[in-house]
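An overview of the molecular structure
Residues per chain, in single letters:
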Amino acid sequence: MENKKVIISEQDGVQHLKTIFRWMNSESIQEHCLLRLFIWKDTPKVIVVISELKSNADGSGVALGFYGLSEMIIERFRRYLAIDKCEIEWFLHYGGFSAHESLGNEILEKVIPEIVHEFGFGKLPETIRIKSNFSEYLSGIELGKMRPILKELNWELQDGFGDPEWE
């Protein structure tokens, strides 16, 4: 499923970029996610939402590889990010599109990159789990339904999403 498509749009003074972002993790395994950047035109504000996709190999994940992934995102989209990287607001996004066992629960996690938890298998950032009213934490941005977004990017996940709400 090769895809290098980046869709750029603008709404209410906020530029929206979305793509299937690919990277090599620390174990040289290729991973991918739905990546959305929201860039305010009038104020120095950037929100990045990284949606984990279950089409990755088992044992991989956006949280475990967050530090390397975030640096690659900054490097790839530098021309759009006229802001200090410490000012970027990072969110991890999970649901039926991420894991079969999600039972249809969609979750957003605000990343606190300054707080690092080190484990034998790697570093994990501190996160604050958000279970509802995502747009309140995303400065009014609505994430939308995943299936149409993935379809727009020519990306398909296997069936069995577990959550008819986001289809």
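Residues numbered from 1 in each chain as written. Predicted model: local features only at pLDDT ≥ 70, side-chain atom pairs only at ≥ 80, totals over all residues. Heavy atoms only, no water.

Focus: the side chain of Glu 109
For Glu 109, the location among the structural elements is in strand E6 (residues 107–119). Note on Glu 109: relative accessible area 8%, which makes it buried. A polar side-chain atom of Glu 109 sits 2.9 Å from a polar atom in the side chain of Arg 129. Setting aside residues up to four positions removed in sequence, Glu 109 forms contacts with Trp 90, Phe 91, Leu 92, Tyr 94, Thr 127, Ile 128 and Arg 129. (Helix = DSSP H or I, 4+ residues; strand = E, 2+ residues; numbered from the N terminus. Buried < 20%, exposed > 50% of the residue type's maximum accessible area, 1.4 Å probe, protein only. Polar contact = N/O pair within 3.5 Å; in protein donor to acceptor, adjacent residues only side chain to side chain. Contact = heavy atoms within 4.5 Å.)

Regarding the nonpolar core
By size, the foremost hydrophobic cluster in this structure holds 25 residues, and its most contacted members are Leu 35, Ile 50, Phe 77, Leu 81 and Trp 90. Within the residue set of this core, elements represented by two or more residues are strand E2 (14–24), strand E3 (30–40), strand E4 (46–52), helix H1 (66–76) and strand E5 (89–94). In contact with Trp 90, other than residues within four places in its own chain, are Val 48, Ile 50, Phe 66, Ser 70, Ile 73, Ile 74, Lys 85, Glu 109, Lys 110, Val 111 and Pro 113. (Core = buried A, V, L, I, M, F, W, Y, C linked by side-chain atoms within 4.5 Å.)

Let's talk about the packing of aromatic side chains
This structure, assessed with the given rule, holds five aromatic pairs. Taking 6.2 Å as the distance between ring centres and 45° as the angle between the ring planes, the aromatic pair formed by Phe 21 and Phe 77 counts as tilted. Taken together, the positions of Phe 21 in strand E2 and Phe 77 in the loop between H1 and E5 put the pair 56 residues apart, joining distant regions of the chain. Judged by its relative accessible area of 8%, Phe 21 is buried. Residue classification places Phe 77 among the buried residues on the basis of a relative accessible area of 2%. Here the aromatic rings of Phe 66 and Tyr 67 are separated by 5.3 Å at their centres, their planes lie at 75°, and the arrangement is edge-to-face. The exposure class assigned to Phe 66 is buried, which follows from its relative accessible area of 1%. The class of Tyr 67 is partly exposed, set by a relative accessible area of 23%. Three or more aromatic residues joined by ring pairs form one cluster here, namely Phe 21, Trp 23, Phe 77 and Tyr 80. One Lys or Arg, Lys 45, reaches over the ring of Trp 40 and ends 5.4 Å from the middle of that ring. Sitting over the ring of Phe 77, Arg 76 keeps its end group 4.7 Å from the ring centre. (Phe/Tyr/Trp six-rings, centres within 6.5 Å; stacked < 30°, edge-to-face > 60°. Lys NZ or Arg CZ within 6 Å of the ring centre and 35° of its normal.)

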